[in-house]
Amino acid sequence: MRLTTKGRYAVTAMLDLALHYENGSITLADISHRQEISLSYLEQLFSKLRRNGLVDSARGPGGGYRLSREACDIYVSEVISAVDEKVDATRCGGKGDCSDGGECLTHELWCDLSAQIYSFLDSISLGDLLEKRKVQEVSARQDARQKGQTVDEKVDFIPNLNQSQVIV
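Calculation rules
- Every residue gets a number counted from 1 within its own chain, in the order that chain's sequence is written.
- Local features are withheld for residues below a pLDDT of 70 in this predicted model, meaning they are given only at 70 or higher, and side-chain atom pairs are given and counted only at 80 or more; totals for whole chains, interfaces and linings count all residues.
- To get the side-chain values, all heavy atoms of the structure are used, and hydrogens and water are removed first.
- Here the nonpolar core consists of buried residues drawn from Ala, Val, Leu, Ile, Met, Phe, Trp, Tyr and Cys, with membership extended through side-chain atoms lying within 4.5 Å.
- Remark: exposure states derive from per-residue accessible area (1.4 Å probe, protein chains only) relative to the maximum for the residue type, with buried under 20%, exposed over 50%, and partly exposed in between.
- Secondary structure elements follow DSSP: runs of H or I no shorter than four residues count as helices, runs of E no shorter than two count as strands, and numbering proceeds from the N terminus.
- Contact criterion: two residues are considered in contact whenever any of their non-hydrogen atoms come within 4.5 Å of each other.
- Two rings from Phe, Tyr or Trp (for Trp, the six-membered ring) form a pair when their centres sit within 6.5 Å of each other. Planes less than 30 degrees apart are called stacked, planes more than 60 degrees apart edge-to-face, and all others tilted.
- The rule for a disulfide is simple: a pair of cysteine sulfur atoms within 2.5 Å.
- The distinction between a cavity and a pocket rests on a 1 Å grid over the protein atoms alone: a 1.4 Å probe fits inside a cavity but cannot get out, while a pocket stays open yet meets protein on both sides within 12 Å along at least five of seven lines, and a residue with an atom within 4 Å of a point counts as lining.
- Grid points are joined across faces, edges and corners, and a volume is the space filled by probe spheres set on the points.
- Patch definition: residues above 30% relative accessible area lacking any salt bridge, with like charges linked at up to 9 Å and the nonpolar side chains Val, Leu, Ile, Met, Phe, Trp and Tyr linked at up to 5 Å.
- Throughout, the Shrake-Rupley method with a 1.4 Å probe supplies accessible areas, and for residues the shown protein chains are the sole cover considered.
- When a carboxyl oxygen of Asp or Glu is within 4 Å of a side-chain nitrogen of Lys or Arg, the pair counts as a salt bridge.
- Multiplying 1.5 Å by the residue count of a helix minus one yields the expected span of that helix.
- Of all possible arcs, the one meant is that of the directions from the helix axis to the C-beta atoms.

Q: I'd like a rundown of the nonpolar core, residues and numbers included.
A: Core analysis: the biggest nonpolar cluster contains 33 residues, and M14, L17, F46, L49 and L126 have the highest contact counts within it. Elements with a contribution of two residues or more to this core: α1 (5–19), α2 (28–35), α3 (39–51), β2 (64–67), α4 (76–82) and α6 (126–130). Sort the elements by how many residues they give to this core and α1 lands first, with 8 residues. Ignoring sequence-local partners within four residues, the contact set of F46 consists of A13, L17, L28, I31, V55 and Y65.

Q: Explain the packing of aromatic side chains to me, and be specific about the residues and the numbers.
A: Considering all chains together, one arrives at 2 aromatic pairs under this definition. Pairing Y9 with Y41 gives two aromatic rings, centres 5.7 Å apart and planes at 85°, and the pair type is edge-to-face. Taken as a pair, Y9 in helix α1 and Y41 in helix α3 lie far apart in primary sequence, 32 residues in all. With a relative accessible area of 23%, Y41 lands in the partly exposed category. For the ring pair F46 and Y65, a centre distance of 4.8 Å and an interplane angle of 55° mean the geometry is tilted. Note that F46 is positioned in helix α3 and Y65 in strand β2, a separation of 19 residues in sequence. Residue F46 is classed as buried on the basis of its relative accessible area, which comes to 0%. The class of Y65 is buried, set by a relative accessible area of 16%.

Q: Tell me what's going on with the state of the cysteines, and back it up with residues and numbers.
A: One pass over the structure, following the stated rule, counts 0 disulfides. No disulfide involves C92; its nearest neighbouring cysteine sulfur is the one of C98, lying 3.7 Å away.

Q: Could you give an account of the layout of surface pockets, with specific residues and numbers?
A: Its boundaries defined by the atoms lining it, the second largest pocket holds a volume of some 250 Å³. Lining the second largest pocket are 14 residues, with L3, V11, V76, I80 and L121 positioned closest to its centre. At the level of secondary structure, the elements contributing two or more residues to the lining of the second largest pocket comprise α1, α4 and α5 (107–122). In terms of residues, the lining of the second largest pocket owes the most to one element, α1, which gives 4 residues.

Q: Kindly report on a nonpolar patch on the surface, identifying the contributing residues and their values.
A: A contiguous nonpolar surface patch, about 260 Å² in accessible area, is contributed by L109, W110 and L113. With respect to the helices and strands, the residue L109 is situated in helix α5.

Q: So, α5: which residues are in play, and what are the values?
A: Compared with an ideal rise of 1.5 Å per residue, which puts 16 residues at 22 Å, α5 spans 22 Å between its outermost C-alpha atoms and is within 8% of the ideal. For α5, the full list of buried residues reads H107, S114 and L121. On an axial view of α5, the arc spanned by its buried residues comes to 60°, and they lie on one face. Within α5, the exposed residues directed more than 90 degrees away from the buried face are Q116 and F120. Along its buried surface, α5 packs onto α4.

As structure tokens, then:
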């Protein structure tokens with residue numbers, strides 16, 4: 001089972017939007033710079049995310065993308081599904097033709113694992129991820145780098161975080 005870069009990058013980009021929600025519309029160029037994801041790849045992903053109703057877009061000066069609803073109402077499983085990613089641990093894609101046209105000995109095991117993974121991802125919202133201290137620390141480091149600041153200058157924006165807790 002493998003989650004490809006398509007799903008990983010989509011979740012990363014959506015989390016970036018959630019982290020910067022208060023800044024208004026966010027450009028793909030900003031996300032590209034902070035997350036080190038190709039701009040053209042982000043354009044492809046955001047086309048799918050927009051079609052699936054997870055983001056709204058605005059054109060022109062001050063334009064960019066925003067989450068279409070609150071971060072706590074967008075689940076990781078939705079993001080992955082929106083970009084046509086499947087979380088499947090089976091060798092046969094769930095078809096049951098993994099061994100001479102029929103199910104292999106461990107087919108049910110891998111189907112159950114796939115269901116557990118999907119259930120796990122369906123229970124985690126972007127809002128849940130926003131609350132994680134490590135996510136906040138990484139975001140602060142990325143924002144500081146983008147603005148040409150040192151991490152020490154950015155630490156003040158993370159509640160209850162002192163400089164000894166920042167991992168660079």
